[in-house]
Amino acid sequence: MPTVNMLPKVVVARRARAGILRAWGASLCLAGGAIAAGAIAVQAKGVMGQDGLQRAADSVSSKTAQIQGEVPALQAQIAVQERRLSMIDTLEDRPDWGVLLAYLHTQRGEGVMLQRCALTWSPEGVMTFSLTGLGESPGRERTIVRGLEDSGLFSSTTLLGTRRESIAGGERIVFDIACEFNPALAEAPAP
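First things first, this report covers the structure right here in the doc. Remember, predicted model here, so these are calculated numbers, not experimental data. Throughout, a residue's number is its position along its own chain's written sequence, starting from 1. This being a predicted model, a pLDDT of at least 70 is required before a residue's local features are given, and a value of 80 or more before pairs of side-chain atoms are given or counted; all residues contribute to the totals for chains, interfaces and linings. The side-chain quantities take in all heavy atoms of the structure and omit both hydrogens and water.

1. Looking at the nonpolar core
- We define the nonpolar core as a collection of buried residues of types Ala, Val, Leu, Ile, Met, Phe, Trp, Tyr and Cys that are connected through side-chain atoms lying within 4.5 Å of one another. Relative accessibility under 20% of the residue-type maximum defines a buried residue, over 50% an exposed one, and the middle range a partly exposed one, all with a 1.4 Å probe and only protein chains included. Counting residues in each nonpolar core, the largest one holds 15 residues, and the members touching the most others are Leu100, Leu104, Ile144, Leu148, Phe154 and Ile177.
- Starting at the N terminus, helices and strands are each numbered in turn, a helix being any DSSP run of H or I of at least four residues and a strand any DSSP run of E of at least two. With 4 residues, the single largest contributor to this core is strand 4 (residues 170–181).

2. Quick look at the pairing of strand 4
- With 9 of 12 residues buried, strand 4 lies mostly within the body of the structure.
- Each pair of strands is called paired provided DSSP finds at least two bridges between the two strands. Relative to strand 4, strand 2 (residues 127–135) runs antiparallel, the two being bridged by 9 bridges. Its bridge partner lying in strand 4, threonine 132 is registered against aspartate 176.
- Here strand 3 (residues 156–167) runs beside strand 4; their pairing, made up of 11 bridges, is antiparallel. What sits directly across from glycine 161, in strand 4, is aspartate 176.
- Hairpin connection of strand 3 to strand 4: 2 residues between the antiparallel strands, including alanine 168 at a positive phi of 55°.

Keep in mind that these numbers describe shape and distance, not what the molecule does.
What follows is the structure, given as structure tokens:
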């Protein structure tokens, strides 16, 4: 079974940029710490030669207090960035369902109208895409089922049933289709 990634290239690129931003943020924090430690070391060396250890200890204490004073502001900035990254991750994990809906539009053919689409997730991570539609004549629903099966997007596609209903003064065929996507099957190596 072929593996299908429904995430658009834009989403994959955005994820890569988020990773780079995280790496840069960590690098900047480490560089800032190294610069502060270097400045303290340079100051301590110069002070020791002039007035002794007391001045060096006071200088280190004041620098430490200054750095500790900056920590809450930096932690707040980190928290804001983490919330932004979390939001980006949440939004990027959502596939572009417009691609699937456009595919359904091309597969439905003449005389078929889609009434309802629903998406549910099981606790095991299996996604079920349910579809209800109307056809002018029997057999149109099989075209949609065949198209969904041929797409390779789902692990299985099942026509749940059809029934005749009187709608808007005419008789229509109502059909229900269920498509399942099991990530475990999609990620399994091909035999």
